[in-house]
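# Report on the structure
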Amino acid sequence: MAREPLGLKAYALSLLARREYSRQELRGRLLAQARKRALWAATDPLGGAADPLQAFFDGAAEPPTPAEPDPEALAAEVDTVLDWLAERRHQSDARFVESRVHARAPKLGQARIRQELARHGVELDADTQQALKDTEAERAREVWRKRFGEPATDPAERARQMRFLAARGFAPALIRRIVGGRDDD
């Protein structure tokens, strides 16, 4: 017999104990968990509902599928839990941005970091954005040195090095300066 899924608060706290989550990302995970709990409650033989597999084994053509839970009720429940987490400072978008920038800045440019944060539903604040802009040249130079170490000898290699840095979100003018060997150390 399957165990009951964790409650939403317990599930959220277990996720947040491992790493920071943005509110949007955590909301998606909690909605999935709430749906899972609702479906489990609808099919739990000890919870008062009929066992769907028993009907199948008793000769029904197909096991009955439980009714789909009300999405608005699930969303309201999840939003309540998210507000509770934010009030107690267990979840913070600012902390999420800080941790993501700290982890990704040594390898990525400002554009790529902004793109990743946007995927999680958050934005860079002005101070962090300026700090990334101020250090982008040295970060790009370090990424390039670790990967290549010396200027390209032919146009194909130069293009490869430029694509590498562009894929990591560094500015095109900065890439041309570093790969072209015109970088001022």
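On a predicted model such as this, the values are computed, not experimentally measured, just so you know.

## Describing helix α5 (residues 93–104)
- Taking 1.5 Å of rise per residue, 12 residues should cover 16 Å, and α5 covers 16 Å from first to last C-alpha, within 8% of that figure.
- Residues F96, V97, R100 and V101 constitute the buried set of α5. Along α5, the residues classed as buried sweep out an arc of 125° about the axis, all on the same side. Residues of α5 that are exposed and point more than 90 degrees away from the buried face comprise A94, E98, H102 and A103.
- Contacts from the buried residues of α5 go to α2 (23–43), α6 (110–119) and α7 (126–147).

## Considerations on α7
- The terminal C-alpha atoms of α7 lie 30 Å apart, and with 22 residues this matches the ideal 32 Å at 1.5 Å per residue to within 8%.
- A maximum bend of about 50° is found in α7 at E136.
- Listing the buried residues of α7 in full gives L132, E136, R139, A140, R141, V143 and W144.

## Remarks on the confidence of the model for the protein
- Mean pLDDT over the protein: 88, with 83% of residues reaching 70 or higher.
- The least confident element of the protein is helix α3 (residues 52–57), whose mean pLDDT is 61; the most confident is α6, at 97.

## Some thoughts on the packing of aromatic side chains
- Applying the stated criterion to the full structure yields one aromatic pair.
- Seen from their ring centres, F148 and F164 are 5.3 Å apart, and the 90° between their planes marks the pair as edge-to-face. One end of the pair, F148, is in the loop between α7 and α8 (155–167); the other, F164, is in helix α8, with 16 residues separating them in the sequence.
- A relative accessible area of 15% places F148 in the buried class.
- By relative accessible area, F164 is classed as buried at 13%.

## Details of the side chain of S92
- With respect to the secondary-structure elements, S92 resides in the loop between α4 (71–87) and α5.
- What S92 contacts, discounting residues up to four positions off in sequence, is E20 and Y21.

## Remarks on the nonpolar core
- Core analysis: the biggest nonpolar cluster contains 14 residues, and L8, L26, L30, V78, L82 and L85 have the highest contact counts within it.
- Looking at this core, the elements that each hand over two or more residues are α1 (8–18), α2 and α4.
- L85 has contacts with A12, L13, L16, L26, H90 and Q91, leaving out every residue within four places of it along the chain.

## Remarks on the pattern of salt bridges
- Overall, the coordinates contain nine salt bridges when judged by the stated rule.
- Here E157 ties to R160 by a salt bridge, and the two come within 3.1 Å at their closest N and O atoms. Of this pair, E157 and R160 both sit in helix α8, three residues apart, which is roughly one turn of the helix.
- Note on E157: relative accessible area 22%, which makes it partly exposed.
- Classification of R160 as partly exposed rests on a relative accessible area of 36%.
- Shared partners join several salt bridges into a network, and the residues in it are R100, R104, R112 and E116.

How each quantity is defined
- Residues numbered from 1 in each chain as written.
- Predicted model: local features only at pLDDT ≥ 70, side-chain atom pairs only at ≥ 80, totals over all residues.
- Heavy atoms only, no water.
- Helix = DSSP H or I, 4+ residues; strand = E, 2+ residues; numbered from the N terminus.
- Expected span 1.5 Å × (residues − 1).
- Buried < 20%, exposed > 50% of the residue type's maximum accessible area, 1.4 Å probe, protein only.
- Arc of directions from axis to C-beta.
- Contact = heavy atoms within 4.5 Å.
- Bend = angle between axes of the 7 residues up to and from the residue.
- pLDDT = per-residue confidence, 0-100.
- Phe/Tyr/Trp six-rings, centres within 6.5 Å; stacked < 30°, edge-to-face > 60°.
- Core = buried A, V, L, I, M, F, W, Y, C linked by side-chain atoms within 4.5 Å.
- Salt bridge = Lys/Arg side-chain N within 4 Å of Asp/Glu carboxyl O.

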